[in-house]
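Coordinate inspection notes
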Amino acid sequence: MDSASISGLVLAGGRGTRMGSVDKGLQPFGGSTMVAHVLERLRPQVASVAINANQNLDAYGAFGVPVWPDDTPGFAGPLAGLEAGLRRCATQYLLAVPCDSPFLPTDLAARLAAGLQAAGADLALAVTEENGLRQPHPVFCLVKADKAEVLSSYLAAGGRRMDGWYPQIKVTEVLFEDAAAFRNINTRDELRSLDPARPLKLAEVVSCLSAYDPDALPVRDAQKIIRDFVAPVRSTEQVALRAALGRVLALDVISPINVPAHDNSAMDGYALRGSDLSADGDIRLRVIDTAYAGRASSLVPAAGECVRIMTGGVMPAGCDSVVPQEFVREEDGVIVMAPGTIRAGDNRRFAGEDLKAGSAALRKGKVIRPADLGLLASLGVAEVPVQRRLRVAFFSTGDELRSIGQPLDEGCVYDSNRYTIYGMLQRLGCDIIDMGVVRDDPAALEAALVEACENADAIITSGGVSVGAADYTRQIMARLGDVTFWKIGMRPGRPLAFGRIASGGKSAFLFGLPGNPVAVMVSFYFFAREALLRMMGAEAPLELVRARSVAAIRKKPGRTEYQRGVLARGEDGLPEVRITGSQGSGILRSMSEANCMVVLHDEQASVQAGEMVDVLLFEGLV
Ligand code: AMP
Ligand code: MG
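Residues numbered from 1 in each chain as written. Chains lettered and ligands numbered in written order. Predicted model: local features only at pLDDT ≥ 70, side-chain atom pairs only at ≥ 80, totals over all residues. Heavy atoms only, no water.

So, about the packing of aromatic side chains. Evaluation of the coordinates by the stated rule reveals ten aromatic pairs. Relative to Phe182, the ring of Phe176 has its centre 5.3 Å away and its plane inclined at 70 degrees; by these criteria the two rings are edge-to-face. Of the two residues, Phe176 and Phe182, neither departs from the other in class, the shared state being buried. Every member of this aromatic cluster is reached through a ring pair, and the members are Phe229, Trp486, Phe498, Phe509 and Phe511. The side chain of Arg183 reaches across the aromatic face of Phe103, ending 4.2 Å from its centre. When the ring centre of Phe485 is taken as reference, the NZ or CZ atom of Arg474 above it lies at 4.7 Å. (Phe/Tyr/Trp six-rings, centres within 6.5 Å; stacked < 30°, edge-to-face > 60°. Buried < 20%, exposed > 50% of the residue type's maximum accessible area, 1.4 Å probe, protein only. Lys NZ or Arg CZ within 6 Å of the ring centre and 35° of its normal.)

Put into structure tokens, the structure is as follows:
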């Protein structure tokens with residue numbers, strides 16, 4: 001079944017009682033209306049779309065699609081909408097979705113279709129699993145259009161329950177992993193809080209924490225606030241396959257074909273009929289043709305016949321097994337093998353074994369790696385929808401900073417942070433705007449922030465947020481937007497400014513990192529990295545690995561400590577980690593010598609030699 005045989009129907013025929021008796025589908029959401037979001041996601045999945053509505057028919061008609069009211073009178077519920085759709089449906093199947101589900105899966109049709117066909121069912125509905133409980137979503141369903149009459153008689157008899165007519169048809173459930181995609185928006189509060197176009201306030205995010213003290217904030221709380229506060233940039237582009245390397249996939253890629261496309265041979269040998277294997281004594285089969293990879297045999301072996309076949313060759317009709325060539329003797333066009341050499345079905349690869357047509361080959365949010373390029377190529381995909389690159393502006397602050405090429409006056413240091421930050425952003429695949437050094441001067445800082453805000457999605461600064469720093473930083477950042485200053489329970493890198501600033505109708509997320517060169521990197525890796533990836537539409541949480549600590553490490557409980565380390569294979573072949581030299585927060589050399597960071601969590605106390613610890617590897621990180 002492909003999308004040409006499926007019509008889409010948006011169910012918008014309810015009274016919207018829980019939303020205060022307003023027409024739900026027409027409620028503003030994400031810069032347009034709820035129903036517009038649903039249409040946008042549904043359209044690419046089906047041949048045509050219609051809306052089922054019982055009020056404001058003109059407003060729905062303005063979307064340029066047919067609007068069908070219920071045939072059964074009296075706001076009889078979603079089933080009456082489904083009935084109206086099935087009766088008017090011009091295709092063999094109808095896919096119904098509710099108008100209050102603006103996050104619906106982009107592969108809903110393909111996956112319900114696959115489930116319906118596999119089960120030979122009349123209706124396939126989506127289910128998800130939350131905390132081990134199966135949650136059916138009967139309003140997200142694919143139905144055979146010829147079931148209209150069964151449904152009409154159920155409704156005419158007074159039936160209203162979505163699942164009330166299931167006993168009269170064949171129903172199958174299709175499990176979806178992403179429960180969030182099926183979220184319904186039922187109340188005004190949900191409408192407001194889930195609206196992607198409405199920026200959250202830091203205070204709202206913070207209020208979700210049980211105890212919040214900005215002056216003693218645990219690392220995991222800071223990470224959670226940042227994660228909840230930042231939002232993906234919704235802008236995508238289509239790029240040629242090779243250019244997609246390292247980019248973030250913007251939509252699920254649904255396989256248009258079966259891979260492999262045909263049943264084929266896993267060996268060089270002879271394709272035969274499994275029924276010929278049941279003979280007693282030696283099995284003798286006449287070779288009638290040869291099938292090569294890319295050149296199939298058109299002959300159909302009869303009983304007692306076989307086809308010589310190469311690895312990847314298409315299985316001839318009627319054949320279901322391959323005997324490898326080394327297990328047979330060939331004499332005068334006849335092969336001979338002992339009984340029990342193979343079993344029926346051996347050495348055959350099934351069509352669609354790697355990937356079935358209609359299933360998701362790659363999920364949106366994935367950062368595309370070389371293997372993914374190959375996979376996409378194997379599907380014949382030439383262009384890939386990716387998120388647009390994230391624009392990140394950054395600058396260093398401090399009167400003592402000198403740029404490379406300038407003389408190093410007494411008491412000054414070269415600005416190294418701009419280079420480490422450049423390196424980390426570059427590896428994340430961002431578009432980078434390097435704004436240089438900004439003096440410790442309120443007017444200069446404000447001008448830099450405003451310029452960055454108007455040109456970038458995110459701003460990264462270093463220096464000027466520590467306790468000793470002049471108060472104007474706080475004042476300016478607070479004036480420009482919604483920014484908070486934290487003292488985080490961590491070492492190195494205690495101070496951090498975070499939030500969003502706005503100017504000239506534009507806004508940008510702000511990460512005010514500390515000035516110390518190592519603290520900058522630690523804060524970037526543990527706070528900014530995941531947030532930036534999230535803004536890029538990717539989900540890539542930090543992966544910690546376990547390794548044995550060679551030596552004892554002193555550590556105070558109550559804060560997270562990050563120690564630079566070198567991970568290597570121990571004598572027993574298992575990974576072990578050794579802390580590198582001095583751990584001072586300004587000492588970049590030990591960072592450069594390290595290949596990982598040992599993460600000693602809040603509650604953890606001193607580590608004994610030989611104890612296992614968490615480690616974050618630098619390579620592959622950014
Ligand atoms: P601050 O957070 O501004 O008080 O800076 C803390 C320490 O980090 C000071 O010793 C600064 O000189 C140093 N520092 C700040 N920014 C940079 C930078 N961009 N490159 C190198 N060192 C810096
Ligand atoms: Mg400074």
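With that settled, consider helix α4 (residues 108-119). Taking 1.5 Å per residue as the helical rise, α4 with its twelve residues ought to reach 16 Å, and the 17 Å between its terminal C-alpha atoms agrees with that figure. Within α4, burial applies to Leu108, Ala109, Arg111, Leu112, Ala113, Gly115 and Leu116. Remark: Gly120 follows α4 within two positions and exhibits a positive phi of approximately 60 degrees. (Helix = DSSP H or I, 4+ residues; strand = E, 2+ residues; numbered from the N terminus. Expected span 1.5 Å × (residues − 1).)

Our focus in this paragraph is the nonpolar core. Core analysis: the largest hydrophobic core is formed by 54 residues, its most contacted members being Ile460, Phe511, Phe524 and Leu532. By size, the runner-up hydrophobic cluster in this structure holds 32 residues, among which are Val10, Leu104, Leu112 and Phe176. (Core = buried A, V, L, I, M, F, W, Y, C linked by side-chain atoms within 4.5 Å.)

A few words on unusual backbone geometry. Of the consecutive residues Val259 and Pro260, the connecting peptide bond is found in the cis state with omega at -10 degrees. Among the structural elements, Pro260 can be located in the loop between β11 (253-254) and β12 (264-265). A cis amide bond, omega -5 degrees, links Arg491 with the succeeding residue Pro492. Positive phi values are uncommon outside glycine, yet Phe75 reaches one of about 45 degrees. Relative to the assigned elements, Phe75 resides in the loop between β5 (67-68) and α3 (78-88).

With that out of the way, let us pick up the side chain of Ser523. For Ser523, the location among the structural elements is in helix α13 (residues 517-535). If near-sequence neighbours (up to four positions away) are discounted, Ser523 is found in contact with Gly493, Leu496, Leu513, Pro514 and Ala528. (Contact = heavy atoms within 4.5 Å.)

Turning our attention to the packing of helix α11 (residues 442-455) against helix α12 (residues 472-480). To describe two helices that pack against each other, one gives the angle between their axes and the distance between the axes. In contact at an axis separation of 10 Å, α11 and α12 are set at 35 degrees when each is read in the N-to-C sense. You can see that α11 and α12 cross each other, and the crossing is right-handed. Facing α11, whose interface residues are Pro442, Leu445, Glu446, Leu449 and Val450, α12 presents Tyr472, Thr473, Ile476, Met477, Arg479 and Leu480. Here the contact of α11 with α12 is composed, by residue class, of eight nonpolar, one polar and two charged. (Axes fitted to C-alpha atoms, helices over the stretch in contact; angles between N-to-C directions. Left-handed = near helix turned anticlockwise from the far one by under 90°. Nonpolar A, V, L, I, M, F, W, Y, C, P; charged D, E, K, R; others polar.)

Here the structure, examined in full by the defined rule, presents 35 salt bridges. In this structure, the salt-bridge partner of Asp107 is Arg363, at a minimum N-O distance of 3.1 Å. Residue Asp107 is found in the loop between β6 (93-98) and α4, and its partner Arg363 is found in the loop between β20 (360-362) and α9 (370-378); the two are separated by 256 residues along the sequence. In this structure Asp107 comes out as buried when scored by relative accessible area, which is 2%. The partly exposed category is assigned to Arg363, whose relative accessible area is 35%. Asp457 is the partner of Arg388 in a salt bridge, and the nearest nitrogen-oxygen pair spans 3.0 Å. Residue Arg388 is found in the loop between β21 (383-387) and β22 (391-397), and its partner Asp457 is found in the loop between α11 and β26 (458-462); the two are separated by 69 residues along the sequence. Comparing Arg388 with Asp457, the two get one shared label, buried. Taken together, the shared-partner salt bridges connect Asp107, Arg111, Glu177, Asp252 and Arg363 into one network. (Salt bridge = Lys/Arg side-chain N within 4 Å of Asp/Glu carboxyl O.)

Near ligand 1, the surroundings consist of 14 residues, among which Glu400, Asp415, Ser416, Gly464 and Gly515 are the closest. At 2.7 Å, a side-chain N or O of Asp415 approaches a nitrogen atom of ligand 1. Between a nitrogen atom of ligand 1 and a main-chain N or O atom of Ser416, the distance comes to 3.1 Å. Its free accessible area being 490 Å², ligand 1 has 75% of it covered by the protein chains. Classifying every residue of the shell around ligand 1 gives three nonpolar, nine polar and two charged. (Near = heavy atom within 4 Å. Polar contact = N/O pair within 3.5 Å; in protein donor to acceptor, adjacent residues only side chain to side chain. Areas by Shrake-Rupley, 256 points an atom, 1.4 Å probe, with all protein chains shown as cover.)

Attention now moves to α11. Across its 14 residues, α11 extends 20 Å between first and last C-alpha, which sits within 8% of the 20 Å expected from 1.5 Å per residue. Those residues of α11 that fall on the buried side of the exposure criterion are Ala444, Leu445, Ala448, Leu449, Ala452 and Cys453. Taken end-on, α11 shows its buried residues confined to a sector of 160 degrees, consistent with a single buried face. Contacts made by the buried residues of α11 are with β22, β25 (431-438), β26, α12, β29 (495-503) and β30 (506-513). (Arc of directions from axis to C-beta.)

Where helix α10 (residues 417-428) contacts α13, the axes come no closer than 11 Å and their chain directions differ by 25 degrees. Between α10 and α13, the crossing angle belongs to the class labelled roughly parallel. The handedness of the crossing between α10 and α13 is right-handed. From α10, Asn417, Thr420, Ile421, Met424, Leu425 and Leu428 reach across to α13, where they touch Pro517, Val520, Met521, Phe524, Tyr525, Arg529, Leu532 and Leu533. (Parallel < 35°, antiparallel > 145°, perpendicular 65-115°, else oblique.)

Residues Ile404, Leu408, Tyr414 and Tyr419 make up a contiguous nonpolar surface patch of roughly 430 Å² in combined accessible area. Assignment of secondary structure puts Ile404 in the loop between β23 (401-402) and β24 (413-414). (Patch = residues over 30% accessible without salt bridge, like charges linked within 9 Å, V, L, I, M, F, W, Y side chains within 5 Å.)

Right, let's get into the environment of Pro492. With respect to the helices and strands, Pro492 occurs in the loop between β28 (490-491) and β29. Sequence separation of Pro492 and Gln563 is 71 residues, and the distance between their C-alpha atoms is 8.7 Å. When near neighbours in sequence (up to four residues on either side) are disregarded, Pro492 contacts Val518, Ala519, Val522, Tyr562 and Ser585.

Everything listed here is a matter of geometry and, on its own, says nothing about what the molecule does.
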